[in-house]
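Structural overview
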Amino acid sequence: MPAIDPNSLPDDAGVLRKIVVDLCEQLQHESAEKDKYRSLLRELLEAQRNRKSERLSKEQLALFEALWKASDPEAEDDSEPAAEPEPEEPQPTKKRSRRQPLAKDLIRERIIHDLPEAEKHCGGCGQDLRLIGEESSERYEYIPASVKVIEDVRKKYACDCTVKTAAKPTQPIEKSTAGASMLAHVIVSKFADHQPLHRQEQMLEREGVRISRKTMGGWLAPVADLLDPLYESARKILFESKVIGTDDTGVKVLDRKLPFARIGRIWPYLGDAHHPVVVLDYTRTRGRDGPAKFLNGYQGYLQADAYSVYDAFFKPARGLIEVGCMMHARRYFYKALEADPQGMGKALHLIARLYTVEDRAKGLSSQERLALRRRLSAPLMAKLHAYLLEMREEVLPKSPEACAVRYALNQWEALARFLEDGDLEIDNGATERANRHVAIGRTNWTFFGSDQGGKTAAVLMSFIAMCKRNRVEPFAWFRDVLSRIATHPVSRISELLPHNWKPLASPVQA
């Protein structure tokens, strides 16, 4: 702003008033711009240091609760009466922590340590010592992983008119040097343990095995093709869900036509509790066509953030019902907390109480959870809505507080949807957690080599995510399924999905 010469100011009061108003508007605009950039800079610094948790401390929550009660003396009238405190039992004396027993399912080797024969005699009385017992202790020893070569020998028989050769088990990739267990190891190491192929190449070389990263990369696409019927079966089961959760995350993709890596997208789709599948989809861009194509034919609830591409899906003719994410709404209030601790703190206090109700609802049936929400969460949501309407008139239009209030009010119908059905969740946290292993992985393997590589990765990561969701050991699942999927009846292909999977009595050690 240029310096103002007092001698050059006009004498007319009206002109001076206009100058003052213009200067105030200019200062207000510059202040808002500085606040915006200050907020962005703070977020960047926090992201660089490590993402800061949005969880509030007990002290903060207590302060926000006090602020809310001060502004609303009848704040607790619609809550349940507090339960009678149970008499506190005397706290037992804290015992020293003991070493946990070693895993019972590991192979055990018993090594006996005995006294030398010369020491089995008493030096005092001269008698032979007699065995009265033994002391034992356990320790872990690590045996490095081993790679072996299986030689399939097919015997041939002949007579004057014919020749017969014995058959060998079907391999996942015909004429390949990789058996099912080797393929399982490479897939799980890359997509579950986040070891890129060049690092796996170095690790195998330490074991005396030379397999190039290019060779291992060439195995992945045929395996994804082999698992494609199972992937489509999971997608069919996904569409039977009452509610599907979705989100997206970016991954770098190499493109020979460009001097830089462009950004592709991975979209996870989560089934409900009765359909525990996770299906990941890859698209070149973040446009509407990707999710529109994937969700074609599905009707039901769709839980997602407020990304604008979803808006077209929620028209009555489409058959999708929007479910909002309270976690996303809370995030906006948390970002604005530093700018307005008192105003944003009250909103965060009410949201925290909503999550307290959700904690109580864990383990309840759908009907019980819905009844609890209608009794406790519905009044809280009404208070939050009224408070946001009041705040909307007080905050500056372009401030962080206004962004938080505007997001919540624009999404209000979708945010309150969880009050209509006990099978719906208050937020989309499960889908965000499904994206987490993609985010961890991309910091290690960095990029997809092509769009086809993105599609291959989406198929393989889908089964990693399904194994994790259903508490199935992924290496055992891949090894077993890859050894028998080629001969498994297509009509019963869903038996191999992680939530239905039962390993063979004698798994093939290919």
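Residues numbered from 1 in each chain as written. Predicted model: local features only at pLDDT ≥ 70, side-chain atom pairs only at ≥ 80, totals over all residues. Heavy atoms only, no water.

Considerations on the packing of aromatic side chains
- By the definition in use, this model includes 10 aromatic pairs.
- Considering the side-chain rings of Tyr310 and Phe313, the 6.1 Å spacing of their centres and the 65° angle between planes classify their relative orientation as edge-to-face. As far as burial versus exposure is concerned, Tyr310 and Phe313 are alike and both buried.
- Through a chain of ring-to-ring contacts, three or more aromatic side chains come together here, namely Phe239, Tyr269, Phe294 and Tyr298.
- Across the ring face of Tyr307, the terminal group of Arg286 is positioned such that the distance to the ring centre comes to 3.8 Å.
- Seen from the ring of Tyr332, Lys335 lies directly overhead, with NZ or CZ sitting 5.9 Å from the centre. (Phe/Tyr/Trp six-rings, centres within 6.5 Å; stacked < 30°, edge-to-face > 60°. Buried < 20%, exposed > 50% of the residue type's maximum accessible area, 1.4 Å probe, protein only. Lys NZ or Arg CZ within 6 Å of the ring centre and 35° of its normal.)

Overview of the pairing of strand 6 (residues 278-283)
- Along strand 6, six of the six residues are buried, which leaves the element largely enclosed by surrounding structure.
- Burial along strand 6 is two-sided: Val278, Leu280 and Tyr282 and Val279, Asp281 and Thr283, pointing in opposite directions, are all buried.
- Examined bridge by bridge, strand 5 (residues 262-270) and strand 6 share six bridges and lie antiparallel to one another. If you follow Pro268 over to strand 6, its bridge partner there is Leu280. (Helix = DSSP H or I, 4+ residues; strand = E, 2+ residues; numbered from the N terminus. Pairing = 2+ DSSP bridges.)

As for the confidence of the model for the protein chain
- Here the protein chain averages 85 in pLDDT, while 87% of its residues score no lower than 70.
- Throughout residues 81-89 the model reports pLDDT below 50, and contacts reaching past four residues in sequence, or to other chains, amount to zero contacts. (pLDDT = per-residue confidence, 0-100. Contact = heavy atoms within 4.5 Å.)

Quick word on the nonpolar core
- Formed by 74 residues in total, the largest nonpolar core has its most connected members in Leu227, Leu230, Phe463 and Phe478.
- Looking at this core element by element, the count peaks at 12 residues for helix 5 (residues 213-238).
- If near-sequence neighbours (up to four positions away) are discounted, Phe478 is found in contact with Ala184, Ile187, Val188, Leu227, Leu460, Phe463 and Ile464.
- The next biggest cluster of nonpolar side chains, apart from the first, holds 41 residues, and it includes Ala329, Ala361, Leu380 and Ile426. (Core = buried A, V, L, I, M, F, W, Y, C linked by side-chain atoms within 4.5 Å.)

A word on helix 7 (residues 326-335)
- For helix 7, the tally of buried residues reaches seven of 10 residues, placing the bulk of the element in the interior.
- Of the residues making up helix 7, those classed as buried are Met326, Met327, His328, Ala329, Arg331, Phe333 and Tyr334.
- Those residues of helix 7 hidden inside the fold are in contact with helix 8 (341-361), helix 9 (366-392), helix 10 (400-410), helix 11 (412-415) and helix 12 (429-445).

Some words on unusual backbone geometry
- Phi angles above zero are rare outside glycine, and Lys175 is one such case at about 65°.
- Despite not being glycine, Arg471 shows a phi value in the positive range, around 55°.
- Positionally, Arg471 belongs in the loop between helix 13 (451-469) and helix 14 (474-484).

Some thoughts on the packing of helix 13 against helix 14
- Running from amino to carboxyl end, helix 13 crosses helix 14 at an angle of 125°, the nearest separation of the two axes being 9 Å. Relative to helix 14, the element helix 13 lies oblique. Note that helix 13 runs across helix 14; the crossing there is right-handed. Here helix 13 contributes Leu460, Phe463, Ile464 and Cys467 to the contact with helix 14, which in turn contributes Pro474, Trp477 and Phe478.
- Along the lines of polarity and charge, the residues of the contact of helix 13 with helix 14 split into seven nonpolar, no polar and no charged. (Axes fitted to C-alpha atoms, helices over the stretch in contact; angles between N-to-C directions. Parallel < 35°, antiparallel > 145°, perpendicular 65-115°, else oblique. Left-handed = near helix turned anticlockwise from the far one by under 90°. Nonpolar A, V, L, I, M, F, W, Y, C, P; charged D, E, K, R; others polar.)

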